[in-house]
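Next come the chains, spelled out residue by residue.
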Amino acid sequence: MSTTPLIDSDVIEEGWNILVEKLGLQKATRFVILLERGKGDSIQEIRDYWGDASVDEIHGKITAWKTGQQEPTS
């Protein structure tokens, strides 16, 4: 375990990566949607995470991560 504290975005990214690894992308997404239904501003959170990335860019990043070509980044 690292002695450097993780900032919130790092914890969120690590949690998401674990969910995708264990459940697969579709089930992980469904889990998060069910968990967060009715809470907060999910549209703003998605915007904050992905920025101005297009759907194709997001898909490319996820595909590259799943095939081990690059580390996931936020």
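Residues numbered from 1 in each chain as written. Predicted model: local features only at pLDDT ≥ 70, side-chain atom pairs only at ≥ 80, totals over all residues. Heavy atoms only, no water.

(A) Spatial organisation of the packing of aromatic side chains. The tally for this structure, following the rule as stated, stands at one aromatic pair. Ring centres of Y49 and W50 lie 4.8 Å apart, and the angle between their planes is 80 degrees; on these two criteria the pair is classed as edge-to-face. Of the residues examined, Y49 reaches a relative accessible area of 23% and is grouped as partly exposed. Assessed through its relative accessible area of 22%, W50 is described here as partly exposed. (Phe/Tyr/Trp six-rings, centres within 6.5 Å; stacked < 30°, edge-to-face > 60°. Buried < 20%, exposed > 50% of the residue type's maximum accessible area, 1.4 Å probe, protein only.)

(B) A nonpolar patch on the surface, seen in detail. A cluster of nonpolar side chains, namely L23, F31, V32 and L35, defines an oily patch on the protein surface of about 320 Å² accessible area. Considering every element that reaches the nonpolar patch, the biggest residue donor is helix α2 (residues 25-36), with three residues. Relative to the helices and strands, V32 resides in helix α2. On the basis of relative accessibility, which here comes to 31%, the residue V32 falls in the partly exposed class. (Patch = residues over 30% accessible without salt bridge, like charges linked within 9 Å, V, L, I, M, F, W, Y side chains within 5 Å. Areas by Shrake-Rupley, 256 points an atom, 1.4 Å probe, with all protein chains shown as cover. Salt bridge = Lys/Arg side-chain N within 4 Å of Asp/Glu carboxyl O. Helix = DSSP H or I, 4+ residues; strand = E, 2+ residues; numbered from the N terminus.)

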